[in-house]
Amino acid sequence: MTTLIHDLKYAVRMLTKNPGFTLVAALTLALGIGASTTVYSWIELVLLRPLPGVEKPEELVAFENFAPNGTFLTTSYLDYRDYRDHLTSLAGLAATQIEPLSIGSQDHARQVWGEMVTGNYFSVLGVKPVLGRVFSPEEDSYKPNGFPIAVISSRLWRTYFNADPSIAGKMIRVNQHELTIVGVAPPDFRGTISGLAFDVWIPFMMHPEIQGVDDWMLRDRQTRQLICVARLKPGVTLTQARSEISALALRMSVANVPEDVGVSATVLPIWQGHAGAQSLLLKPLEILMAVCVVVLLIVCANVANLLLARFSARQKEFSVRLALGAGRIRLARQVLTESLVLAATGAAGGVTLAAWMGGALQYMFPPSHFPVALDVRVNGRVLLFTVLACIATALLAGIVPAMQVARTNLNERLKEGGRSDSASGRSHRLRALLVVSELSMAIVALVCAGLLVRSFEAARTINPQFDPDHVLMSRFFISTSGYNLEQRKEFCERLAQKLESEPSVTDVAYSDVEPLGILSGWWESLEVQGYVPGAGENMKIYRSVVSPGYFKLMRIPLLEGRDFTPQDDEKKMPVMVVNQTFVKRFFGGGDPIGRKVHGWGAWFTVVGEVKDSKYNNLTEAQLPYIYVHFRQVYRADMGLAYYIRTNTDPSGATATMRSDVRATDPNVAIIDVIPLAQHVVDTLYAEKVAADLLSALGGLALLLAAVGLYSVVAYSVTQRTHEIGIRMALGAESRDVLRLVVGQGLSLTLIGITVGLVAALGSGRLLASFLYGTTTTDPITFLAASILLAGVALMASLIPALRATKVEPMEALRYE
């Protein structure tokens, strides 16, 4: 221990004697460690600890259903109950539904988000209240409107109820219904959807009362609205649980026709689940972490280069210490100690950078009506990662200089002048090798960034097949107003009439789901008259409930038949409009008008055919889609998206929308208002995050590689000053010296680019599933990355080369 302390003191003393070298090395390490720590803190929040505040989170899994085509499905209450009661591999299965809520009186209502949860929700998660109690499994029985109670978040308890210690037993008004508060959740518990934070939890049996609907949805196996989470029994593996769940899902698909036909079920680690921030950020974070490792390796190579140059200048010192009896292991340990001190300094700066950059993930998230909570904090686990990164960096950066020091030739180093061409040549070759590795890794980072940027730009140019320009979209959750179904429909029509009278508004429409929503749209299991499905064919077709005028506002061309009209009300024959792909698949491309389709318990008549468009995401393939009339199908549990097309900038109509809503009913709140064109861009959030952040990391890799190349060339010029002076004394001109030095840098660059392009061909395959409109071997990206790196390398070599041309021959001949 005494020797270690002595080494640490000596390392600090030597580093403080060279503040320029120490500052550059520490800053380089801070950038590399800081970038890695920042991305790890995001991974820790979204993937490693997606459900804070729960007991034994490693036992929790996401329980999910899937359609025959592999699309993620939420679960119906009846299916949830069958799985809960018959699976033996699970210690518990709980379910939740996200709900917008209003709390307080109509005049002073506050909008919050909550979860309608099954009675066993808190026991499955292992969440203990800080005050009062949570729900009991007995409150999971089939008893609609039978449990008028609520658990509130610690945040709501502090901000809305002023941390009242006697809150348990008091009332809270939710959607104009009185509920009794029975407990307060712990501060770190946010709910079961990663990246979101909820404030109120209500028993799912209260859903009909809170949402103002009948209890039919509790008896309808086709109404899939629940997100499920399960806890495995001790000793049960994922494979064992999946086997039992798959077998039960198969039996249910036979017993429950047509609702469960082809529907499968499985369990996944929470970080692989489809409900939560991880569904958007899993792939981008994986890519970013891989590139961070590349950047960290570049940093290590860069610092190793700096250390090699520094210790080459200290060869005489090390030779003297060897001559005085110091062991080679001791000298190597001293070098590693100095590397560790540098890495520790860089790690301190990296933690500061991570604390500053951690919240960037929250700010990059697009505007959303969901309660997004991606606030990253530097905690013990993040600090542990930083410590491990610091140690790994110190070893990687210091091992080569330490080996060089340990191999010092004492006899040669004590000769006259202390010069050794062999040692100098060996050191130069090592430094050149390190620079080549930096350049090759920089190419890999640049190519990956270029591919993602190209993919994002290609996705941005996709035509959604509807016209979002000059359209303002707003989202409502009318369920919070306490309206019944008929009142909700009347509100929509009154608001439409009000907006149509505005001089800047040309068209008004509304639907239950917005196009290209963050979550996939809803679907309906259909039967098409005259069409015989194939074995296992998926008849669950995505749909939208729309008002008359929707196609005109969206400028989706009507190809056959007619649009919906106000006369198509509940008393008339149910009607449907289908898209081109639906016609091709079910009607063989023939005339669809007058054909019959069964859904929602009734036969619909097809009255129109519209052109295909994009529905769930911009990169999806064409899929069959149906539209039904708002008046005929809209249910109280459905959402509401409102659209107005204006003859001016749609952002300027935001005030008009809000004022007309207040004039129609001041108790109805708009969740958010956004130009539809911006909403379309926001659907590429994951792609944009990956492209932006990887571009930043690619730029950092390029900068570090340029610094590394500059240091090698500059050091080489210093070492060859005597040689350059002789060349110039013998008649060499400045351009000859310039060509010599720049050529050295470009030769290293050419080797680095060649090696890097080969490596990029392999690493690009990791991005294949994330790319759109470009390939992993895109020649433009590879060429652009090579040209960019070559240009930066040229500048990095040119600076010391120009300095070399100013060498005075007489002074250089005296250079030792």
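Residues numbered from 1 in each chain as written. Predicted model: local features only at pLDDT ≥ 70, side-chain atom pairs only at ≥ 80, totals over all residues. Heavy atoms only, no water.

A. Fine view of the overall build of the protein chain. When you go through the protein chain residue by residue, the secondary structure sums to 25 helices and 24 strands. Looking at the protein chain as a whole, 55% of its 816 residues are labelled buried. For the protein chain, the exposed surface amounts to about 33700 Å²; the carbon and sulfur share of it is 59%. (Helix = DSSP H or I, 4+ residues; strand = E, 2+ residues; numbered from the N terminus. Buried < 20%, exposed > 50% of the residue type's maximum accessible area, 1.4 Å probe, protein only. Areas by Shrake-Rupley, 256 points an atom, 1.4 Å probe, with all protein chains shown as cover.)

B. Geometry of the pattern of salt bridges. What the rule picks out here adds up to 25 salt bridges. A salt bridge links D568 to R562, with the nearest nitrogen and oxygen atoms 3.0 Å apart. Classification of D568 by relative accessible area gives buried; the value is 7%. According to the relative accessible area criterion, R562 is partly exposed, its value standing at 31%. (Salt bridge = Lys/Arg side-chain N within 4 Å of Asp/Glu carboxyl O.)

C. Looking closely at unusual backbone geometry. The phi dihedral of K56 is positive, around 45 degrees, even though this residue is not glycine. In this structure, K56 sits in the loop between α2 (19–48) and β1 (60–66). Accessibility expressed as a relative area gives 47% for K56, which makes it partly exposed. One non-glycine residue with positive phi stands out, namely R555, at about 60 degrees. With respect to the element layout, R555 can be found in the loop between α16 (550–554) and β18 (558–561).

D. Geometry of the packing of helix α15 (residues 485–500) against helix α19 (residues 654–664). Two elements in contact, α15 and α19, have axes whose closest approach is 10 Å; the angle formed by their N-to-C orientations is 130 degrees. Taken together, α15 and α19 sit at an angle that is classed as oblique. Considering the relative orientation of α15 and α19, their crossing is right-handed. Taking contact as the criterion, the partners of F491, R494, L495, K498 and L499 in α15 are, on α19, T656, M657, D660, V661, A663 and T664. Here the residues of the contact of α15 with α19 are counted per class, giving 6 nonpolar, 2 polar and 3 charged. (Axes fitted to C-alpha atoms, helices over the stretch in contact; angles between N-to-C directions. Parallel < 35°, antiparallel > 145°, perpendicular 65-115°, else oblique. Left-handed = near helix turned anticlockwise from the far one by under 90°. Contact = heavy atoms within 4.5 Å. Nonpolar A, V, L, I, M, F, W, Y, C, P; charged D, E, K, R; others polar.)

E. Up close: a nonpolar patch on the surface. A surface patch of nonpolar side chains, amounting to about 530 Å² of accessible area, comprises L340, L384, V387, L388, I391 and L395. In terms of residues, the nonpolar patch owes the most to one element, helix α12 (residues 380–406), which gives 5 residues. The topology assignment puts I391 in helix α12. In this structure I391 comes out as partly exposed when scored by relative accessible area, which is 40%. (Patch = residues over 30% accessible without salt bridge, like charges linked within 9 Å, V, L, I, M, F, W, Y side chains within 5 Å.)

F. Layout of the side chain of N120. Assignment of secondary structure puts N120 in the loop between β5 (110–117) and α4 (121–125). Among residues more than four places away in sequence, those in contact with N120 are Y80, R84, L93, A94, S136, P137 and D140.

G. The arrangement of α19 in detail. All of the buried residues in α19 are T656, M657, D660, V661 and T664. Down the axis, α19 shows its buried residues gathered within 130 degrees of arc, on one side only. Turned more than 90 degrees away from the buried face of α19 sit A655, R662 and A663, all of them exposed. (Arc of directions from axis to C-beta.)

H. The packing of aromatic side chains, seen in detail. Taken as a whole and judged by the stated rule, the model has 26 aromatic pairs. Between the aromatic rings of Y160 and F161, the centroid separation amounts to 4.9 Å while the plane-to-plane angle is 80 degrees, which identifies the pairing as edge-to-face. When the ring of Y510 is compared with that of F630, the centres are 4.8 Å apart and the planes differ by 90 degrees; the resulting orientation is edge-to-face. In this pair, Y510 sits in strand β14 (residues 505–511) while F630 sits in helix α18 (residues 630–633), placing the two residues 120 residues apart along the sequence. As far as the burial class goes, Y510 and F630 line up, both buried. Every member of this aromatic cluster is reached through a ring pair, and the members are Y550, F551, F564, Y615, Y625, Y627 and Y643. (Phe/Tyr/Trp six-rings, centres within 6.5 Å; stacked < 30°, edge-to-face > 60°.)

I. Broad picture of the confidence of the model for the protein chain. With 89% of its residues at a pLDDT of 70 or more, the protein chain shows a mean pLDDT of 84. Here helix α13 (residues 410–413) is the element of the protein chain with the lowest mean pLDDT, 54, and strand β19 (residues 575–579) is the one with the highest, 97. Contacts for the low-pLDDT stretch residues 416–423, under 50 throughout, to residues beyond four places or in other chains number 8 contacts. (pLDDT = per-residue confidence, 0-100.)

J. Up close: empty space enclosed by the protein. Across all of its chains, the model carries 4 cavities of 30 Å³ or more by this definition. In terms of lining residues, the largest cavity is bounded by 20 residues, among which A62, T192, I227, C228 and A275 are the most central. Looking at the lining of the largest cavity, the elements that each hand over two or more residues are β1, β2 (72–73) and β11 (224–232). The leading source of residues in the lining of the largest cavity is β11, at 4 residues. Across the lining of the largest cavity, the residue classes break down as 12 nonpolar, 7 polar and 1 charged. Approximately 110 Å³ is the volume attributed to the second largest cavity. Lining the second largest cavity are 15 residues, and of these P515, Y550, K614, Y615 and Y625 lie nearest its centre. Elements represented by at least two residues in the lining of the second largest cavity include exactly α16 and β22 (625–629). Tallied by class, the residues present in the lining of the second largest cavity amount to 9 nonpolar, 4 polar and 2 charged. (1 Å grid on protein atoms, 1.4 Å probe; cavity = no way out; pocket = protein on both sides within 12 Å on 5 of 7 lines; lining within 4 Å. Points joined across faces, edges and corners; volume = space filled by probe spheres on them.)

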